[in-house]
8 protein chains.
Amino acid sequence: MKSVVGIMVGSDSDLPLIQETTQVLEELDIPFEISIASAHRTPDRVAEYASTASDRGIQVIIAAAGAAAHLPGVIASRTLLPVIGVPVDSGPLGGVDALYSIVQMPSGVPVAAMAVGRAGARNAGIFAAQILALTEPRIAKRLADYRRQMAESVESKADRLAQTGLTRYIEEKSKSSN
Amino acid sequence: MKSVVGIMVGSDSDLPLIQETTQVLEELDIPFEISIASAHRTPDRVAEYASTASDRGIQVIIAAAGAAAHLPGVIASRTLLPVIGVPVDSGPLGGVDALYSIVQMPSGVPVAAMAVGRAGARNAGIFAAQILALTEPRIAKRLADYRRQMAESVESKADRLAQTGLTRYIEEKSKSSN
Amino acid sequence: MKSVVGIMVGSDSDLPLIQETTQVLEELDIPFEISIASAHRTPDRVAEYASTASDRGIQVIIAAAGAAAHLPGVIASRTLLPVIGVPVDSGPLGGVDALYSIVQMPSGVPVAAMAVGRAGARNAGIFAAQILALTEPRIAKRLADYRRQMAESVESKADRLAQTGLTRYIEEKSKSSN
Amino acid sequence: MKSVVGIMVGSDSDLPLIQETTQVLEELDIPFEISIASAHRTPDRVAEYASTASDRGIQVIIAAAGAAAHLPGVIASRTLLPVIGVPVDSGPLGGVDALYSIVQMPSGVPVAAMAVGRAGARNAGIFAAQILALTEPRIAKRLADYRRQMAESVESKADRLAQTGLTRYIEEKSKSSN
Amino acid sequence: MKSVVGIMVGSDSDLPLIQETTQVLEELDIPFEISIASAHRTPDRVAEYASTASDRGIQVIIAAAGAAAHLPGVIASRTLLPVIGVPVDSGPLGGVDALYSIVQMPSGVPVAAMAVGRAGARNAGIFAAQILALTEPRIAKRLADYRRQMAESVESKADRLAQTGLTRYIEEKSKSSN
Amino acid sequence: MKSVVGIMVGSDSDLPLIQETTQVLEELDIPFEISIASAHRTPDRVAEYASTASDRGIQVIIAAAGAAAHLPGVIASRTLLPVIGVPVDSGPLGGVDALYSIVQMPSGVPVAAMAVGRAGARNAGIFAAQILALTEPRIAKRLADYRRQMAESVESKADRLAQTGLTRYIEEKSKSSN
Amino acid sequence: MKSVVGIMVGSDSDLPLIQETTQVLEELDIPFEISIASAHRTPDRVAEYASTASDRGIQVIIAAAGAAAHLPGVIASRTLLPVIGVPVDSGPLGGVDALYSIVQMPSGVPVAAMAVGRAGARNAGIFAAQILALTEPRIAKRLADYRRQMAESVESKADRLAQTGLTRYIEEKSKSSN
Amino acid sequence: MKSVVGIMVGSDSDLPLIQETTQVLEELDIPFEISIASAHRTPDRVAEYASTASDRGIQVIIAAAGAAAHLPGVIASRTLLPVIGVPVDSGPLGGVDALYSIVQMPSGVPVAAMAVGRAGARNAGIFAAQILALTEPRIAKRLADYRRQMAESVESKADRLAQTGLTRYIEEKSKSSN
């Protein structure tokens, strides 16, 4: 199936984080492509990628980068597709540098910033799906299911907590995560 | 014409800022609705607004708020439409509080954060247009024109700077802005 | 006994932290209920919880959340009971995001913010007790005892330090915590 | 009528800010006392004030201070009454110093931190009222009215915006504030 | 004379700041060119500029930008010339966003960051001169003179302070700056 | 009378701030000298000053500087006299840069950091006096008087507030400061 | 020998850090006393300690605390002795909270802030010695020796690096620290 | 071969970090010298080093330091050679203190700041090479090769990712790094 979401990371060290994104896209059955390109080490590769994405059928681009995270903005400067940026929490400043470099885009060329780190990587996939769902009822339905399941999961945890009590709940959770 | 973008501000003191958003939507000829609702003072109004927006034909929601800016996230919790958040730089912390409250959404319920203040307000309108352009060729065309004009404006400024020299350029700019 | 304090966490990963709260409530013999609800994943559950709490006899609500920590504020928007917020130090920004999202509530709908992390979780329980003590002399008495014991504990440590000397004190403390 | 809320500011330069607090207490018809004492320049005065407040009938203490804002914590160390802290946004660090000095209280002696500046000052009064409302039905009723009026004010603004349109709304608002 | 320093600003609103740079280059008699190009609005113009600079005889590039200040890094990705970045203190975050976006460049493609704002703009010119002075003895001599004059200016101020006394010194300085 | 406190500022733009220091030293009748030297523009002058201060009879050095405020640390590296550092809140980062550059001295060479800006400048003079008071009973006496007057001033303000009420107090204060 | 330096920590968890202080005082042969008292849990103990310190012969007080670190300021409010504050880097905010709570003291009651953590703890001891050295030539001599040894240690490391080369130096250093 | 780059670290604990710098200089075949000197513990050694560097043939100086990182600025005050500063991410504030102390140099005496930590250490070597390459065609050629190899490395990783797929890529990478 033809990819509709394009994922780009600035370094292969960002790949484990971006698995949060690919997993949610797979759960929602949205075809995607993924690659590596650095805004600073391979600027031509990024420019080429961004300017051809729309013609390849990509509808939303997700870009993740850390530190002076220029990748999402540099891609956004070369396409009119919506670009979602994921700030990676690598390095000594803990991701605030990546957040500022992604979210503070100047007037005219927006990037949609997600949360720093894992939550942001997962949400990038969901936000891409929310855009696609505007015209794909199947995705809209899967998103609605996904959100219902999230709510049910919270409720079932609340039920279990009510039954077992706090101490045992924490013990069991701690066991099952070992 | 039926509104496709819904704009919500948390307080009427945010309206001057949000004019950046409405102006760009008008320039791109995208019909929008705008209203006021506070996540904390009128939670029912916000819930009602968010949960009926899709049925009213709204495709993208833009929400602006300052301080502990919960409005975009609270709307996002009640709809599957893409929600764009604009952090307002009011109050003593200069908008970092609003940025964190908007961008750091937990896994599962994304908000697309824009830059703090005016640039973010303008970009919210452009990003909404980029989403709509995926299925509206006319909007795509207007966006392409808009971006071309931005580029031409930069180039014409560069040309004028080359002709007049730095000192006179600054003088003339300073005059014309008085 | 009927619960007078309602504790709500945004995720079951916050439960170990909130044990600081439940322990101090148990020490002070204050009956409480505890549950899980996410402001973003289960907004109806939160709204239902908050708007019925007073009728169930709850007098103070404690809510803990991390990142864009909207839970305390969203609860506060649905009840006139005092709401105490505990910022959880999860995620890359170390809890400053949660602190700002909780403490910077807009004019009209306050949340009482405690310190980030464990100290704040414990203090949430104590602050709830201080509110209840205004009308419950037994709680007031237990709080006075609790504070006296804290003071005596500091003094007995100071006495031991005076007797053993610094080096041995640190050695013994390090042993006993292994 | 006997004061039930005690307000203390660290310096008379904090008095204009604290008017936000006194106004809301007056609106809610809650009797209060107000004075000036510095944790550092008049420690005995603060200790005396805090340790006698309860006997004088005070039920909630509100303390506002800027910079290394020790006043709320120092008061809290001398009383078991609930202490609400208002960080004042004076000085070069913009109130973050006051916020940290107030909210980061160690385990055992809580202070309920409000937002930095005006919103926090107003909310301190409302939060005090929420505590008192637990046992004073008249205050509970006034608080419910107050919140209803806040909601109605938002709704009436939204109505006016719907009628006049954005441009004229902003013009009229700008005029009326001159 | 052929320009050896290339100055690029991201927006014509940065031109008054960059006068600090051009003034010091003129004082040191170093020929420069200056233009406007936005990393996001005119990416091709920036790429063209950066990749041809060396062939045009440029030896050092100075780039100034604010917010998510990608300009210096994007230029650095297209040239092996030394690139000096000046963070502009525009916008609500006061230039920390620009500083992080410029200084936190990833391994492999450095940008030399200067101080935020005016001091950084002036120092960019001086640092460019220090690089050029390595092979241009005349520039080295002018730099040595410039630094000597700076030192003499400090000393003459110290002398005047010693003669006039503090109060009168401040009065006279305040007058002369009106 | 021979100066016992040496004051050094990094730039004559810091002189108005340092008047807070000189005023308190004059009030306490402590003889001081004051001069200008820049750690970066006149390093020899600073080294000379610091290494001869003790022989000239100086007992405490106060140094004020902004931005990358190296002056206090550079002086401390050349003398064993106590050095007090005052972070100046000039420039876009609001003095946090100066604070970090002064307070974060490495192990072995301390600088005593005061608060950023005016409060810190005044306190530098008082702290110098507290050091000198250890061996000068007259200074100890004046300090005790000074502190008593501070306390009395707070108390007399509190008395006036009690008499006039809040509204009139603020009006009169606002008038007297015009 | 009679103690001339008084050391106070806010919690016995701060004792390992304060060993940096006691070690340097022992190296410089300066008699000290050390105890534990919490500004919030044992305010009377702190007040008693601070107000009697001078009469017991204490000449300098060193106080270490974390989070909302009021201890140094509360001591300073009760004595005219110089008070040195050490911000402890415990808790989620990494010590910035403690730094602000210590350094940002209001006009009139100074605390001399040291660096956050170990460097600050060591420097507190050295700074106390620098104060005492003003009147104790033996301490002045030991401080001069201490500083000379620090310099010689740096130089001998530089010599070894010159001889062994970088790789071997790092290997040997890494071995010797295991 | 005669050293053209001089590297100075403030403490031998910075040596492992600076290996990033020396490795890249070795890869580019640029002769360098390296030593240890502390701006605060050995100010004369630093002054001597900085003021003789140019005469020894050094053309660029790289200085790394943490906390109140004065070393690069103190060196810059004693030489007209370009000085590159590397902020070391040691200590509780995570390197932001070092960054501010290095980058915020006052007007007149620039330091070229690199990123905090490892990326900055590597980039310091590359930036030094970029300066030297202006007059050394061999270095220019090696830099061009180095950058081409960086780009090829990114491309070959992208190719491998395309072939193996994300899951296996991450597995293999995780294995090879064990």
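Small disclaimer: the values here were computed from a predicted structure and weren't measured. (Residues numbered from 1 in each chain as written. Chains lettered and ligands numbered in written order. Predicted model: local features only at pLDDT ≥ 70, side-chain atom pairs only at ≥ 80, totals over all residues. Heavy atoms only, no water.)

### A short note on the overall build of chain A
Counting its regular elements, chain A contains seven helices and five strands. Going from the N terminus to the C terminus, chain A shows its helices and strands as β-α-β-α-β-α-β-α-β-α-α-α. Counting only C-alpha atoms, chain A reaches 60 × 45 × 30 Å along its principal axes. Here chain A, with 178 residues, has 64% of them falling under the buried criterion. Sequence-distant contacts in chain A: of pairs separated by 6 or more residues, those separated by 24 or more amount to 65%. Split by element, the accessible area of chain A, about 6,100 Å² in all, is 47% carbon and sulfur. (Helix = DSSP H or I, 4+ residues; strand = E, 2+ residues; numbered from the N terminus. Buried < 20%, exposed > 50% of the residue type's maximum accessible area, 1.4 Å probe, protein only. Contact = heavy atoms within 4.5 Å. Areas by Shrake-Rupley, 256 points an atom, 1.4 Å probe, with all protein chains shown as cover.)

### Looking at the interface of chain F and chain G
In this assembly, 40 residues from chain F lie in contact with 40 residues from chain G. Buried surface at the junction of chain F and chain G, both sides included, amounts to about 3,300 Å², of which 64% is carbon and sulfur. Connecting chain F to chain G are zero salt bridges. Counting every contact that joins chain F to chain G gives 17 residue pairs in polar contact (both at pLDDT 80 or more). Elements with a contribution of two residues or more to the side of chain F that touches chain G: helix H4 (96-103), strand E5 (112-113), helix H5 (118-133) and helix H6 (137-164) of chain F. Here the side of chain F that touches chain G takes seven residues from H5 of chain F, the largest share from any one element. (Buried area = accessible area lost by both parts, 1.4 Å probe. Salt bridge = Lys/Arg side-chain N within 4 Å of Asp/Glu carboxyl O. Polar contact = N/O pair within 3.5 Å; in protein donor to acceptor, adjacent residues only side chain to side chain.)

### Digging into the interface of chain B and chain A
Taken together, the 40 residues of chain B in the interface contact 40 residues of chain A. Across the chain B to chain A interface the summed buried area is about 3,300 Å²; carbon plus sulfur atoms make up 64%. Contact with chain A buries area across many residues of chain B, yet Leu80, Pro110 and Arg147 of chain B alone supply 20% of it, more than any other trio. Counting across the interface, chain B meets chain A through zero salt bridges. In this assembly, chain B and chain A are joined by 17 residue pairs in polar contact (both at pLDDT 80 or more). Along the lines of polarity and charge, the residues of the side of chain B that touches chain A split into 28 nonpolar, nine polar and three charged. (Nonpolar A, V, L, I, M, F, W, Y, C, P; charged D, E, K, R; others polar.)

### Quick word on the confidence of the model for chain A
For chain A, the average pLDDT comes to 97, and 99% of its residues sit at 70 or higher. Under the prediction, the complex receives an ipTM of 0.97, its pTM being 0.98. (pLDDT = per-residue confidence, 0-100.)

### Regarding the arrangement of the chains
What separates chain B from chain H at the closest point of their C-alpha atoms is a distance of 17 Å, and the two make no contact. The closest approach of any C-alpha atom in chain C to one in chain H is 13 Å; the two make no contact.

### Structural notes on the relation of the copies chain B and chain A
Expressed as a screw operation, the relation of chain B to chain A combines 0.0 Å of axial shift with a rotation of 180°, fitting to an RMSD of 0.0 Å. Classification of the inter-copy transformation places it as that of a two-fold axis. (Least-squares fit on C-alpha atoms with pLDDT ≥ 70 in both.)

### Some thoughts on the pairing of strand E4 (residues 83-88) of chain E
Residues and elements named next belong to chain E. Here E4 lies mainly inside the structure; six of its six residues are buried. When strand E3 (residues 60-66) meets E4, the two strands line up parallel, connected through six bridges. Directly across from Ala64, in E4, lies its bridge partner Val86. Between E3 and its parallel partner E4, the chain crosses via helix H3 (residues 71-76), and the hand of that crossover is right-handed. Both E4 and strand E5 (residues 112-113) contribute to a ladder of two bridges, which runs parallel. (Pairing = 2+ DSSP bridges. Right-handed = clockwise from strand over helix to strand, strands pointing away.)

### Focus: the pattern of salt bridges
Throughout the structure, instances matching the rule amount to 94 salt bridges over all chains. Arg122 of chain F is paired through a salt bridge with Glu27 of chain F; the nearest N and O atoms lie 3.7 Å apart. Within this pair, whereas Arg122 of chain F is found in helix H5, its partner Glu27 of chain F is found in helix H1 (residues 15-27), the two being separated by 95 residues in sequence. By relative accessible area, Arg122 of chain F is classed as buried at 12%. Glu27 of chain F gets classed as partly exposed once you look at its relative accessible area, which sits at 46%. A salt bridge links Arg56 of chain H to Glu33 of chain H; the nearest nitrogen and oxygen atoms lie 2.6 Å apart. Taken together, the positions of Arg56 of chain H in the loop between helix H2 (43-53) and strand E3 (60-66) and Glu33 of chain H in strand E2 (residues 32-36) put the pair 23 residues apart, joining distant regions of the chain. Judged by its relative accessible area of 33%, Arg56 of chain H is partly exposed. A relative accessible area of 23% places Glu33 of chain H in the partly exposed class.

### Section: helix H5 (residues 118-133) of chain G
The first and last C-alpha atoms of H5 of chain G sit 23 Å apart over 16 residues, in line with the 22 Å expected at 1.5 Å per residue. Burial runs high along H5 of chain G: 14 of the 16 residues are buried. (Expected span 1.5 Å × (residues − 1).)

### Description of the relation of the copies chain F and chain G
Placing chain F over chain G gives an RMSD of 0.0 Å and needs a rotation angle of 180°, together with 0.0 Å of translation along the axis. Same-surface contact between copies: 100% of interface residues of chain F are shared with the interface of chain G.

### Thoughts on the pairing of strand E1 (residues 5-9) of chain G
Regular strands place side chains that alternate from one sheet face to the opposite one. Residues and elements named next belong to chain G. Most of E1 sits out of view: five of its five residues are buried. Taking every second residue as pointing to the same face, both faces of E1 are buried, with Val5, Ile7 and Val9 on one and Gly6 and Met8 on the other. Sheet analysis places E1 next to strand E2 (residues 32-36), joined by five bridges and oriented parallel. Across the sheet, Ile7 pairs through a bridge with Ile34, a residue of E2. Examined bridge by bridge, E1 and strand E3 (residues 60-66) share five bridges and lie parallel to one another. Counted as the bridge partner of Val9 is Ala64 from E3.

### A short note on the packing of helix H4 (residues 96-103) of chain A against helix H4 (residues 96-103) of chain B
The contact between H4 of chain A and H4 of chain B brings their axes to 13 Å, and the two run at 90°. Here H4 of chain A is positioned roughly perpendicular relative to H4 of chain B, judged by the angle of their axes. Side by side, H4 of chain A and H4 of chain B meet where Val96, Leu99, Tyr100 and Val103 of chain A of the first sit next to Val96, Leu99, Tyr100 and Val103 of chain B of the second. Its residues placed into classes, the contact of H4 of chain A with H4 of chain B shows eight nonpolar, no polar and no charged. (Axes fitted to C-alpha atoms, helices over the stretch in contact; angles between N-to-C directions. Parallel < 35°, antiparallel > 145°, perpendicular 65-115°, else oblique.)

### Looking at the side chain of Ser77 of chain H
Relative to the assigned elements, Ser77 of chain H resides in the loop between helix H3 (71-76) and strand E4 (83-88). A distance of 2.7 Å separates a polar side-chain atom of Ser77 of chain H from the backbone oxygen of Val74 of chain H. When neighbours within four sequence positions are excluded, Ser77 of chain H is seen to be in contact with Arg147 of chain E, Ala39, His40 and Pro43 of chain F together with Val109 of chain H.

### Observations concerning the environment of Glu172 of chain A
By secondary structure assignment, the location of Glu172 of chain A is in helix H7 (residues 166-176). Each residue touching Glu172 of chain A, except ones within four places of it in the same chain, is listed here: Arg160 and Thr164 of chain A.

### Regarding helix H6 (residues 137-164) of chain D
The end-to-end C-alpha distance of H6 of chain D is 40 Å, a good match for the 40 Å that 28 residues give at a rise of 1.5 Å each. Once H6 of chain D ends, the next one or two residues include Gly165 of chain D, with phi positive near 85°.

### Examining unusual backbone geometry
All names here are of chain H. Phi at Asp29 is positive, roughly 60°, even though this residue is not glycine. Take Asp29: it is sitting in the loop between helix H1 (15-27) and E2. Given a relative accessible area of 47%, Asp29 falls into the partly exposed group. Positive phi is not limited to glycine here, since Ala67 has a value of about 55°. Within the secondary structure, Ala67 sits in the loop between E3 and H3.

### Re the packing of helix H7 (residues 166-176) of chain C against helix H1 (residues 15-27) of chain G
Two elements in contact, H7 of chain C and H1 of chain G, have axes separated by 10 Å at closest approach and are oriented at 155°. With respect to each other, H7 of chain C and H1 of chain G are oriented roughly antiparallel. In this structure, the crossing between H7 of chain C and H1 of chain G has a hand that is left-handed. Taken together, the residues of H1 of chain G that come into contact with H7 of chain C (itself represented by Leu166, Thr167, Tyr169 and Ile170 of chain C) are Leu15, Pro16, Ile18, Gln19 and Thr22 of chain G. Classifying every residue of the contact of H7 of chain C with H1 of chain G gives six nonpolar, three polar and no charged. (Left-handed = near helix turned anticlockwise from the far one by under 90°.)

### Comments concerning the environment of Gly94 of chain C
Relative to the assigned elements, Gly94 of chain C resides in the loop between strand E4 (83-88) and helix H4 (96-103). The exposure class of Gly94 of chain C is buried, given its relative accessible area of 19%. Between the C-alpha atom of Gly94 of chain C and that of Ile58 of chain C, which follows or precedes it by 36 residues, the distance is 31 Å. Ignoring any residue separated from it by four or fewer positions in sequence, one finds Gly94 of chain C in contact with Asp89 and Val116 of chain C together with Pro92 and Leu93 of chain G.

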